[in-house]
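# Structural features, examined
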Amino acid sequence: MAAPLRLLGRLAVVTGGGSGIGRAVAQRLAREGAAVAVVDLNDSAANETVQTLSSDQLGHEHAAFVADVSASENVERLMNQIQSRFSRPPCISVNSAGVTMDEFLLRQTEEAFDLVLKVNLKGTFLITQAVARALVASGTTRGSIINIGSIVGKVGNVGQTNYAASKAGVEALTKTAAKELARYGIRCNTVLPGFIDTPMTEKVPQKVLDKFAGMIPLGRLGNPSDVADVCAFLASDDSGYITGASIEVTGGVFL
Ligand code: NAD
């Protein structure tokens, strides 16, 4: 079924857009009419995503950008690059860049804890702040910031103390940003995926994935497009009265 054109004329930035959920989000937003700035640490992956968007019938231009979302100077440069390329700030931001470094608490290293918090939580902070600052400076009255958290930020998960803590932080950060930015017409929401079939979950042993799949009421792992559908809704005016919310996309899992 053809996607509706709810985002015609809007500019979106999607971090982690070179893979998995971020790539599916970029594709979905483009299909709904948005121009997309695809951001990733991985240059060729970001460019590959843009290639998949170029068949867009609407003639919108999309562009790839390389940035490490966890480094403030990278994020500052990124926002300048996007604004000079598109002559406006993005009014939609989907922050999907994220990493895992799984290990049991008893063996977790300080380095692995710091790195996961730095990318997942600080990266979300930097992107949210940079987009909000640019939108407020432009005098906008409309914006939608969507941060990708995780269901494990709510319920925990064995081997993921660092990751679960980072994702709980993403949810709290987003709820607070929602309260502060509502006066500017900027909505902020978190999407909490469950187990989604992406390169990130390819690292998980098949035995563990099978066990998780058996616990999902809808009977399957999620697809990146399942998450992208919800992001497109949150990006659009169809969710105009929703801010500070966390939407679970888990196939019904509650652990
Ligand atoms: P993925 O590994 O397929 O994609 C993540 C992308 O982020 C990669 O392209 C990677 O290069 C990029 N990235 C990593 N560090 C970065 C950095 N510092 N700066 C810029 N880009 C960076 O993973 P995915 O499964 O698509 O996950 C996307 C998001 O969804 C993540 O935030 C993840 O935590 C979250 N999530 C995934 C699942 C799942 O089951 N796959 C579940 C819940 C939440």
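Structure report, in brief.

## Quick word on the site of the ligand
Lining the immediate surroundings of the ligand are 28 residues, of which Ser19, Ile21, Asp40, Tyr163 and Thr198 lie closest. Within the backbone of Leu41, a nitrogen or oxygen atom sits 3.3 Å from a nitrogen atom of the ligand. The contact in question runs from an oxygen atom of the ligand to an N or O atom on the backbone of Ile196, over 2.8 Å. About the coverage of the ligand: the protein hides 92% of its 830 Å² of free accessible area. When residues of the shell around the ligand are traced back to their parent elements, those giving at least two are helix H1 (20-31), helix H6 (161-181) and helix H7 (199-202). The element contributing the most residues to the shell around the ligand is H7, with three residues.

## Some details on the packing of aromatic side chains
For the structure shown, the criterion picks out one aromatic pair. Measuring from ring centre to ring centre gives 4.0 Å for Phe195 and Phe212, while their planes differ by 15 degrees; the resulting arrangement is stacked. One end of the pair, Phe195, is in the loop between strand S6 (186-193) and H7; the other, Phe212, is in helix H8 (residues 206-214), with 17 residues separating them in the sequence. There is no split in this pair, since Phe195 and Phe212 are both buried. Seen from the ring of Phe212, Lys211 lies directly overhead, with NZ or CZ sitting 5.9 Å from the centre.

## Some words on unusual backbone geometry
Unlike most non-glycine residues, Ser87 shows phi in positive territory, near 60 degrees. Residue position: Ser87 is located in the loop between helix H3 (72-86) and strand S4 (92-95). Owing to a relative accessible area of 67%, Ser87 belongs among the exposed residues under this scheme.

## A closer look at the environment of Ala63
Tracing the sequence through the fold places Ala63 in strand S3 (residues 63-66). When residues no more than four places from it in sequence are discounted, the contact partners of Ala63 are Val36, Ala37, Val38, Val50, Arg85 and Phe86.

## What to know about the sheet that holds strand S7 (residues 246-249)
Strands sit in the order S3-S2-S1-S4-S5-S6-S7 across an open sheet of seven strands; the sheet is parallel. This sheet does not close on itself; its edge strands, each paired only once, are S3 and S7. Adjacent strand axes in the sheet meet at a mean angle of 20 degrees, parallel and antiparallel pairs treated alike. Relative to strand S5 (residues 143-148), S4 runs parallel, the two being bridged by four bridges.

## So, the pairing of strand S2 (residues 35-40)
For S2, a buried count of six out of six residues is recorded, marking the element as mostly surrounded by other parts of the structure. The two faces of S2 match: Ala35, Ala37 and Val39 on one face and Val36, Val38 and Asp40 on the other face are all buried. Both strand S1 (residues 11-15) and S2 contribute to a ladder of five bridges, which runs parallel. Among the inter-strand pairings, Leu11 is bridged to a residue of S2, identified as Ala35. Relative to S3, S2 runs parallel, the two sharing four bridges. Bridging from a neighbouring strand, Val39 pairs with Phe65 of S3.

## Some remarks on the nonpolar core
Core analysis: the biggest nonpolar cluster contains 59 residues, and Leu29, Val94 and Val191 have the highest contact counts within it. Top contributing element to this core by residue count: helix H4 (residues 110-137), with eight residues. If sequence neighbours within four positions are ignored, Leu29 has contacts with Leu7, Ala12, Val14, Ala34, Val36, Ile92, Val94, Ala232 and Ala235. If you look at the next biggest cluster of nonpolar residues, it comprises six residues, including Phe195, Ile216, Leu221 and Val253.

## Looking at the side chain of Arg23
One can find Arg23 in helix H1. If near-sequence neighbours (up to four positions away) are discounted, Arg23 is found in contact with Gly16, Gly17, Gly18, Ala45, Glu48 and Thr49.

Criteria and thresholds
- Residues numbered from 1 in each chain as written.
- Predicted model: local features only at pLDDT ≥ 70, side-chain atom pairs only at ≥ 80, totals over all residues.
- Heavy atoms only, no water.
- Near = heavy atom within 4 Å.
- Polar contact = N/O pair within 3.5 Å; in protein donor to acceptor, adjacent residues only side chain to side chain.
- Areas by Shrake-Rupley, 256 points an atom, 1.4 Å probe, with all protein chains shown as cover.
- Helix = DSSP H or I, 4+ residues; strand = E, 2+ residues; numbered from the N terminus.
- Phe/Tyr/Trp six-rings, centres within 6.5 Å; stacked < 30°, edge-to-face > 60°.
- Buried < 20%, exposed > 50% of the residue type's maximum accessible area, 1.4 Å probe, protein only.
- Lys NZ or Arg CZ within 6 Å of the ring centre and 35° of its normal.
- Contact = heavy atoms within 4.5 Å.
- Pairing = 2+ DSSP bridges.
- Axes fitted to C-alpha atoms, helices over the stretch in contact; angles between N-to-C directions.
- Core = buried A, V, L, I, M, F, W, Y, C linked by side-chain atoms within 4.5 Å.

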